[in-house]
Amino acid sequence: MFGANLRQLSQGYPSISELSRQLGINRTQFNRYLSGESFPRPDVLERICTFFGVDARILLEPVESVKKTGNVLTGHVLSDFVGAGVADLPEDVFPTGFYRFTRRSFMDVNQFLVGLIYIYREGSATYLRGFEARAAMRLQGLPTDSRSREFRGYIARQEDGVVAVVSRRQAMTCSFNYLSKVASFENNYWVGYSCRTVRESPSSTRAERQVYEYLGRDFKKALAAARNTGFAERDGLLPYHANLLQTDQPFR
């Protein structure tokens, strides 16, 4: 039963080698689990259960009956729908590390916002973390301390790109982001759009074109980029960012 359950849970991953690496289990040993030749130690079993969102009944009962309901996205209700993209986002599609992003301001169409985010993985999920610019918080009359500015989200694979659902603490605000990779020399750019969940307003917009640039995992490089975040004029944008944003074309 355990081998059959593990084979079923592993189907959503591109390779056993990558899955073994994420679990921190030797591939040969993992293949023995899959074939039913051996069973994991208690600590390894706990790691597997945590990773897949199941409990120890996976040794004795069908996986459908032991999936935890607490994980909304990868639980049994949505695992074949939303969960399929959440649990299968390979590094070569959207790598871990720092990203610089640029988009037009929602509050002032003559300004652009440049920011920095960090993408990381835990288990089979990919997460996003960053901080709103202080100037943007002040413009909305919001606190500018780090706790208030922090936002987090999750990334999911799509057919020709990725999506990110991002929220500030206590789900005060939320945004939906779509990105598709751009063919470029270094192959490190994505372009798409960001939409925020607010009511319609004559003085602001709810959707704008957006660019992501992958900076890698070098903290010093990210720190240098962080010094230039915040609001910027059109002439102050990085040339390739401005080109991808098509600043002279309306967003549709």
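Residues numbered from 1 in each chain as written. Predicted model: local features only at pLDDT ≥ 70, side-chain atom pairs only at ≥ 80, totals over all residues. Heavy atoms only, no water.

Chemist: Run through the packing of helix α2 (residues 16-23) against helix α3 (residues 27-35), naming residues and quoting values.
Modeler: Where α2 contacts α3, the axes come no closer than 9 Å and their chain directions differ by 105°. The orientation of α2 with respect to α3, classified from their angle, is roughly perpendicular. Between α2 and α3, the residues in contact are I16, S17, L19, S20 and L23 and R27, F30, N31 and L34, respectively. Taken together, the residues of the contact of α2 with α3 sort by class into 5 nonpolar, 3 polar and 1 charged. (Axes fitted to C-alpha atoms, helices over the stretch in contact; angles between N-to-C directions. Helix = DSSP H or I, 4+ residues; strand = E, 2+ residues; numbered from the N terminus. Parallel < 35°, antiparallel > 145°, perpendicular 65-115°, else oblique. Contact = heavy atoms within 4.5 Å. Nonpolar A, V, L, I, M, F, W, Y, C, P; charged D, E, K, R; others polar.)

Chemist: So what's going on with empty space enclosed by the protein? Residues and values would help.
Modeler: With the rule as written, the count across this model stands at 2 cavities of 30 Å³ or more. Forming the walls of the largest cavity are 12 residues, and the residues nearest its centre are Q22, A87, D88, L89 and P90. When grouped by side-chain class, the residues that make up the lining of the largest cavity number 5 nonpolar, 4 polar and 3 charged. Within this model, the second largest cavity holds a volume of roughly 40 Å³. Taken together, F94, L128, I155, V162, V163, A164, N177, L179 and Y212 make up the lining of the second largest cavity. Counting only elements with at least two residues in the lining of the second largest cavity, the list comes to β5 (161-168) and β6 (174-182). With 3 residues, β5 is the largest single contributor of residues to the lining of the second largest cavity. When its residues are assigned to classes, the lining of the second largest cavity shows 8 nonpolar, 1 polar and no charged. (1 Å grid on protein atoms, 1.4 Å probe; cavity = no way out; pocket = protein on both sides within 12 Å on 5 of 7 lines; lining within 4 Å. Points joined across faces, edges and corners; volume = space filled by probe spheres on them.)

Chemist: Report on the side chain of R149, specifying residues and quantitative values.
Modeler: Among the secondary structure elements, R149 is positioned in helix α7 (residues 146-149). Of the side chains with opposite charge, D145 comes closest to the buried, unpaired R149, at an N-O distance of 7.2 Å. A distance of 3.1 Å separates a polar atom in the side chain of R149 from the backbone oxygen of T144. Not counting residues up to four positions away in its chain, the partners in contact with R149 are G130, F131, E132, A133, R134, M137, P143 and T144. (Buried < 20%, exposed > 50% of the residue type's maximum accessible area, 1.4 Å probe, protein only. Lys, Arg positive; Asp, Glu negative; His and termini not counted. Salt bridge = Lys/Arg side-chain N within 4 Å of Asp/Glu carboxyl O. Polar contact = N/O pair within 3.5 Å; in protein donor to acceptor, adjacent residues only side chain to side chain.)

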